[in-house]
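Below, each chain spelled out in residue letters.
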Amino acid sequence: MNIGAGRGRQARARVEVLLGALAFAASVPAGKVLLRDFQPLALSGGLYLSAGLFCTVLLVVESRRSRALASRLQGHDWPWLGAAIAAGGVLGPLALFYGLRWTSGYVAGLLLNFEAVFTVTLGALFSAERVGRRGMGGILLIIGGAILLSDIGQAVGATRPLGAMLVVAACACWGLDNNLTQRISLRDARQIVAIKGLVGGAASLALAFLFGQAGAWPDIRTILGVTLLGSISYGLSIVLFIRGLRELGIVHTGALFASAPGFAAVLSWVFLHEPIHPAALLALTGMTGGAILLSTDVHEHEHTHEAAEHAHEHEHDEHHQHEHQSGELEQAPHAHWHRHEPLTHAHPHTHDVHHRHPH
């Protein structure tokens, strides 16, 4: 029984989520620069379409690999994906880029911490995930840091209340999107993001043409910039986030991704040369501490795994002890249809796909 394999996957997932947070954070300062040439709807559509095309290319490259095919979306997954696309692929980016028009880059970056609050709260309410004292303390620190931002915008004269409200609304959309996506996180993350990006991007671009926000055709350098930013900040970032949902659950993935606003604030200070306000540093410190508390809120108790059958990418650990057919062990990790027998035990765990139980 390889207990270390499961812990290794979780450690790798934490690193991937942090890298995804950094990739997403780059969209804040870069998005403000691109808004000089694009209307919000057109930019949102371009970024998501680029993410969808990027992940489509990844799928085509690995289309012949059996482990990729075993984890593709199934019929009952599509309603969850459709709702996630509407919330996170259309409404969220639209609210963010409208909000950025009236919000400084580093204030918008710090306000993005509300995504973690919405994600964790909805996860605790609807997905039976536990938030202990340490996790609750982390949430309070994040909210406290966000409250400090209400005075920063007035001090530097760069943030309007409507802009801040729209950024928070975008966070609410993404928090809902994250919880909906967790329901299908066993599936190939690249396929999920490919469909999200293509459908969400096409919808936003259609709305841009409908409302006269398409604007003049930009030059090739600007198009390449949008393509690169969309592929990294939305394509790669969301793929890594979904992989985190699979291994860590909503609470821990959302908490680790809460580092994105801090990354965005620092990138805005460095590349946009925006003024640094002392309250922003205090807010950043509190929010970072809150994210750390949330990310370390692992618990241990006796729990029961019900019998289940499914297919997903996995290695052999304490939850994957099963027989294999010829050829299934050629890859590690590998994916195939397998059955979990009922099991009751106690060990430290996160809320990964095998630990979504009531408390």
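What you see is a predicted model; the values in this text were computed from it and never measured.

The rules behind the values
- Residues numbered from 1 in each chain as written.
- Predicted model: local features only at pLDDT ≥ 70, side-chain atom pairs only at ≥ 80, totals over all residues.
- Heavy atoms only, no water.
- Helix = DSSP H or I, 4+ residues; strand = E, 2+ residues; numbered from the N terminus.
- Buried < 20%, exposed > 50% of the residue type's maximum accessible area, 1.4 Å probe, protein only.
- Contact = heavy atoms within 4.5 Å.
- Areas by Shrake-Rupley, 256 points an atom, 1.4 Å probe, with all protein chains shown as cover.
- Expected span 1.5 Å × (residues − 1).
- Bend = angle between axes of the 7 residues up to and from the residue.
- Polar contact = N/O pair within 3.5 Å; in protein donor to acceptor, adjacent residues only side chain to side chain.
- Core = buried A, V, L, I, M, F, W, Y, C linked by side-chain atoms within 4.5 Å.
- Axes fitted to C-alpha atoms, helices over the stretch in contact; angles between N-to-C directions.
- Parallel < 35°, antiparallel > 145°, perpendicular 65-115°, else oblique.
- Nonpolar A, V, L, I, M, F, W, Y, C, P; charged D, E, K, R; others polar.
- Salt bridge = Lys/Arg side-chain N within 4 Å of Asp/Glu carboxyl O.
- Disulfide = S-S within 2.5 Å.
- Phe/Tyr/Trp six-rings, centres within 6.5 Å; stacked < 30°, edge-to-face > 60°.

Asks: Give a detailed account of the overall build of the protein, specifying residues and quantitative values.
Replies: Counting its secondary structure elements, the protein contains 13 helices and four strands. Taking all 359 residues of the protein together, 55% fall into the buried category. Considering only contacts within the protein whose residues lie at least 6 apart along the sequence, 88% involve residues at least 24 apart. Summed over all atoms, the accessible surface of the protein reaches about 15800 Å², with 65% contributed by carbon and sulfur.

Asks: Help me get a handle on helix α5 (residues 78–100), residues and values and all.
Replies: Helical geometry note: an α-helix holds 3.6 residues per turn, so side chains three or four residues apart project in the same direction. The first and last C-alpha atoms of α5 sit 32 Å apart over 23 residues, in line with the 33 Å expected at 1.5 Å per residue. Where α5 bends most, at Leu91, the angle is about 30°, and the proline Pro93 comes one to four residues later.

Asks: So what's going on with the side chain of Asn178? Which residues, and what values?
Replies: Position of Asn178 relative to the elements: it lies in helix α9 (residues 161–182). A residue is classified by how much of its surface remains accessible, and Asn178, at 6% relative accessible area, is buried. Within the structure, the side chain of Asn178 is placed 3.1 Å from the side chain of Glu115, a separation counted as a polar contact. With sequence-adjacent residues up to four places away left out, Asn178 is seen in contact with Glu115, Thr119, Phe241 and Leu245.

Asks: Which residues make up the nonpolar core, and what are the values?
Replies: Judged by nonpolar contacts, the single largest core of 63 residues is most densely connected at Leu43, Leu96, Leu112 and Tyr234. Examining the composition of this core, we find that 13 residues originate from one element, helix α11 (residues 220–257), more than from any other. Beyond its immediate sequence surroundings of up to four residues, Leu43 is in contact with Gly31, Leu34, Leu35, Phe38, Phe97 and Val226.

Asks: Please set out the packing of helix α2 (residues 27–34) against helix α12 (residues 259–272) residue by residue, giving values where relevant.
Replies: Close contact between α2 and α12 brings their axes to 8 Å; oriented N to C, the two are set at 45°. As far as their axial angle goes, α12 and α2 are oblique. Across from Val28, Pro29, Lys32 and Val33 in α2, the residues of α12 making contact are Ala264, Leu267, Ser268 and Leu272. Its residues assigned to classes, the contact of α2 with α12 comprises six nonpolar, one polar and one charged.

Asks: Quick one: what's the story with the pattern of salt bridges, residue by residue and with numbers?
Replies: Side-chain pairs of opposite charge can arise whenever the charged atoms involved come near each other. This model, assessed by the stated rule, comprises four salt bridges. Asp177 is paired through a salt bridge with Lys196; the nearest N and O atoms lie 2.7 Å apart. Here Asp177 is found in helix α9, whereas its partner Lys196 is found in helix α10 (residues 189–210), with 19 residues between them in sequence. Across the pair Arg190 and Asp188 runs a salt bridge, and its minimum N-O distance is 2.9 Å.

Asks: Describe in detail the state of the cysteines, supporting the description with residues and values.
Replies: Scanning all chains against the criterion turns up zero disulfides. The cysteine Cys173 is free of any disulfide, with Cys171 supplying the nearest cysteine sulfur at 9.2 Å. Classification of Cys173 by relative accessible area gives buried; the value is 17%.

Asks: Talk me through the packing of aromatic side chains; I want residue IDs and the actual numbers.
Replies: Considering all chains together, one arrives at six aromatic pairs under this definition. Residues Phe114 and Phe118 carry aromatic rings whose centres are separated by 6.4 Å and whose planes lie at 40° to one another, so their mutual orientation is tilted. Separated by four residues within a single helix, Phe114 and Phe118 lie in helix α7 (residues 114–126), roughly one turn from each other. Here Phe241 and Phe257 contribute two aromatic rings whose centre-to-centre distance is 5.1 Å and whose plane-to-plane angle is 80°, an arrangement assigned as edge-to-face. Here the two residues Phe241 and Phe257 agree in accessibility, since each one is buried. Taken together, the ring pairs in this structure connect Phe24, Tyr48, Trp174, Tyr234, Phe241 and Phe257 into an aromatic cluster.

Asks: Requested: an account of the environment of Gly289, with residues and values cited.
Replies: Looking at the element boundaries, Gly289 is found in helix α13 (residues 278–295). In this structure Gly289 comes out as partly exposed when scored by relative accessible area, which is 24%. Taking C-alpha positions, Gly289 is 9.9 Å from Ser259, a pair spaced 30 residues apart along the chain.

Honestly, it's all geometry; don't read function into it.
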